[in-house]
Amino acid sequence: MNTPVAKDWYETISIGDGITRVRETWVAPWLRCNIWHVPGRTHDLLIDSGMGLRPLKKEISKLSGKPVICVSTHAHFDHIGGAHEFDCRLGHHNEADIHAFPNQYNTSDWGPFVRAETFSALPYEGFQYQDYQVKAAPLTGYLDEGDTLDLGNRCFQIMHLPGHSPGSIALYEKKSRCLFSGDVVYDGALFDTVYHSDKTIYRESLKRLKDLPVDVVHGGHYESFGRSRMIEVIDRYIQGDNSIDDPESWVLQQV
Ligand SMILES: [Zn+2]
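Residues numbered from 1 in each chain as written. Predicted model: local features only at pLDDT ≥ 70, side-chain atom pairs only at ≥ 80, totals over all residues. Heavy atoms only, no water.

Some thoughts on the overall build of the chain
- Counting secondary structure elements, the chain contains six helices and 12 strands.
- For the chain, the C-alpha atoms occupy an extent of roughly 50 × 45 × 35 Å along the three principal directions.
- Among the 255 residues that make up the chain, the fraction classed as buried is 54%.
- Within the chain, residue pairs in contact and separated by at least 24 positions form 65% of the contacts whose partners lie at least 6 positions apart.
- As displayed, the chain has an accessible area near 10,900 Å², and 49% of this comes from carbon and sulfur atoms.
- Treating the 25 positive side-chain charges of the chain as one cloud and the 35 negative ones as another, the clouds have centres 6 Å apart. (Helix = DSSP H or I, 4+ residues; strand = E, 2+ residues; numbered from the N terminus. Buried < 20%, exposed > 50% of the residue type's maximum accessible area, 1.4 Å probe, protein only. Contact = heavy atoms within 4.5 Å. Areas by Shrake-Rupley, 256 points an atom, 1.4 Å probe, with all protein chains shown as cover. Lys, Arg positive; Asp, Glu negative; His and termini not counted. Charge placed at Lys NZ, Arg CZ, Asp CG, Glu CD.)

Okay, structure coming up:
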């Protein structure tokens, strides 16, 4: 199969409330990360940075041109690939080593996730999926439970919600009742068996979210959703009906 090289790699959609969702168009839907841009008074917030297959900073600068605070919700390869392009890189200290020394194993970038069928167009001429690996991007600061990120016009509280990974964080804005949840919760089956996942801890993190006064959840994958759907996704998980026990066979079924 001769896969073409993509002209435009990123798709950028304004989803209201000043928020822009950026996605890597040609990455398969089951892997495609939601990259969120939230404009601030002096700095903009970028939540996650995708696979890092094409320059991201240039794309983000089109949105407002202000300096960017790049927050990684966790250190899986599909969320941290573009972080190295930004000077300010924040995340949880539990995954600091992974940001500094990423490899295919510790970023969960293993075989079936990144293969020829993952891409409906190539990011650049000569791209070889076998050689893909994220670049090191050591954190320049840490975020933990109870911290706040104040953009001047908007203020986000950090929630530490381990389980999917030990340093998973979410960003909650009380005023707008919106939650950027990374891979802790999204509108799909949840991963709790990848490298450094912990099912018991994950359950506790999800139970916490059920009490959060939230109107909209912007997850790390798929579409945004409301509180009732969030509770449904969590309850199904707790009942044992919404997790991916065998990521390898799950991934092979997606393409
Ligand atoms: Zn993840």
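Quick word on the pairing of strand β12 (residues 216-219)
- Sheet analysis places strand β11 (residues 178-182) next to β12, joined by four bridges and oriented parallel. The residue of β12 that forms the bridge with Leu179 is Val217. (Pairing = 2+ DSSP bridges.)

Some words on the coordination of the zinc ion
- All of the protein donors around the zinc ion are His74 (NE2), His76 (ND1), His164 (NE2) and Asp183 (OD); their distances to the metal are 2.1 to 2.3 Å.
- Note that the zinc ion binds four donor atoms; their angles at the metal cover 88 to 171 degrees, and the shape is irregular.
- All donors of the zinc ion belong to a single chain; written as a sequence motif, their spacing is H-x1-H-x87-H-x18-D.
- We classify His74 as buried; its relative accessible area is 1%. (Donors = N, O, S within 2.8 Å, 3.2 Å for Na, K, Ca; no water. Tetrahedral: all angles 85-135°; square planar, octahedral: opposite > 155°, others 65-115°.)

Some remarks on the sheet that holds β12
- Pairing within the open sheet is mixed, and its five strands lie in the order β8-β9-β10-β11-β12. Only two strands of the sheet have a single partner each, and these edge strands are β8 (148-150) and β12. For this sheet the average axis-to-axis angle between neighbouring strands, irrespective of direction, equals 25 degrees.
- The sheet contact formed by strand β9 (residues 155-160) and strand β10 (residues 169-173) spans four bridges and is antiparallel. Its bridge partner being in β10, Ile158 is matched across the sheet by Leu171. (Axes fitted to C-alpha atoms, helices over the stretch in contact; angles between N-to-C directions.)

Comments concerning the pairing of strand β3 (residues 35-38)
- Neither face of β3 is open: one carries Ile35 and His37, the other Trp36 and Val38, and all of them are buried.
- With three bridges joining them, strand β2 (residues 19-24) and β3 adopt antiparallel strand pairing. Paired with Val22 across the strands is Ile35, a residue of β3.
- As defined by bridge partners, β3 adjoins strand β4 (residues 44-47) across three bridges and the pair is classed as antiparallel. Across the sheet, residue Val38 finds its bridge partner in β4, namely Leu45.
- As consecutive antiparallel partners, β3 and β4 are separated by five residues.

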